[in-house]
Amino acid sequence: MATKINPSVWIAAPWGEPSANLAELSPQIISASWQPLQQAWRAAGAESGFQPGWARISWEPHGLWLESIFMGKAPGNRARQLNEYTWELGDICEFFLQIEGGAEYLELHVTPENQRLQLAWPVIGQPLQAVRAGTLPLEKFMIPQGDWVKSAVHIAADFWATRTFMPAARLGLEQLRAGQSLRGAACRYDCTSTQPYVLSSTAYFQVPEYHAREAWHRIVLG
């Protein structure tokens, strides 16, 4: 099967009645409103050790609800405080978000212990390449406020789930409205398999490069 290269449309449904019970997030509730994570860059199918995952984006005028459900036993990450290098330390859920045409995009990591890495990247220049080359510190792009978003995690015997509320102000907006358009993707580092880690994403990446914005979804607030 040929790898898809055009961004797919992700319809974000209005948020219903919020529940404090994260245990409701389980594989049994997966429906058409959830996007599956995959390895679209692999023409031969998923690699050994791949485990299913799903993500959902919902909205209300005050912000976005970002949710994930990942299969896997005993997830864990060694990060113990805000803005550690989570991708080097274990399992993570990642969301990338950008207002259509915005000057920056956001990168949010959530670990099974509910630690976060929060980043804002300018779209002008090559800041990511500079960080990877060691000419700019990653800390320059970190968001240090602990209350920047609100996140929670639920761990079960064979899966883990996350739920995060991102206020509209974090996207540079006073309110969200139906028909508004964003770009983004949900991604995963899975360290619960026997391999060092397994990557997967909702987006149709040609290579496993999560920052390749041209392959992100167009997210429409339905």
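Cut-offs used in this document
Residues numbered from 1 in each chain as written. Predicted model: local features only at pLDDT ≥ 70, side-chain atom pairs only at ≥ 80, totals over all residues. Heavy atoms only, no water. Helix = DSSP H or I, 4+ residues; strand = E, 2+ residues; numbered from the N terminus. Rg over C-alpha atoms; globule rule 2.2 N^0.38 Å. Buried < 20%, exposed > 50% of the residue type's maximum accessible area, 1.4 Å probe, protein only. Contact = heavy atoms within 4.5 Å. Areas by Shrake-Rupley, 256 points an atom, 1.4 Å probe, with all protein chains shown as cover. Lys, Arg positive; Asp, Glu negative; His and termini not counted. Charge placed at Lys NZ, Arg CZ, Asp CG, Glu CD. 1 Å grid on protein atoms, 1.4 Å probe; cavity = no way out; pocket = protein on both sides within 12 Å on 5 of 7 lines; lining within 4 Å. Points joined across faces, edges and corners; volume = space filled by probe spheres on them. Nonpolar A, V, L, I, M, F, W, Y, C, P; charged D, E, K, R; others polar. Pairing = 2+ DSSP bridges.

**Quick look at the overall build of the chain**
- A count of helical and extended segments in the chain gives one helix and 12 strands.
- If you list the helices and strands of the chain from N to C, you get β-β-β-β-β-β-β-α-β-β-β-β-β.
- Against the 2.2 N^0.38 benchmark of 17 Å for 222 residues, the chain shows a C-alpha radius of gyration of 16 Å, consistent with a compact globule.
- Expressed as a percentage of the 222 residues in the chain, the buried residues total 52%.
- Counted over contacts in the chain with a minimum sequence separation of 6, partners at least 24 positions apart contribute 65%.
- Carbon and sulfur atoms provide 53% of the accessible area of the chain, an area that totals close to 10,400 Å².
- The average position of the 17 basic charges and that of the 20 acidic charges among the side chains of the chain differ by 3 Å.

**A closer look at the layout of surface pockets**
- By volume, the largest pocket is sized at about 350 Å³.
- Looking at the largest pocket, it is lined by 20 residues, and the ones nearest its centre are W87, E107, L128, R132 and H211.
- Contributing elements (two or more residues each) for the lining of the largest pocket: β5 (92-99), β6 (104-110), β7 (116-122) and α1 (127-133).
- Residues belonging to the lining of the largest pocket are distributed by class as follows: 13 nonpolar, two polar and five charged.

**Digging into the pairing of strand β3 (residues 53-60)**
- The element β3 is largely enclosed, with a buried count of seven among its eight residues.
- Pairing between strand β2 (residues 35-36) and β3: two bridges, direction antiparallel. For P36, the partnering residue across the bridge sits in β3 and is W54.
- The loop that links β3 with its antiparallel partner strand β4 (residues 63-71) comprises two residues.

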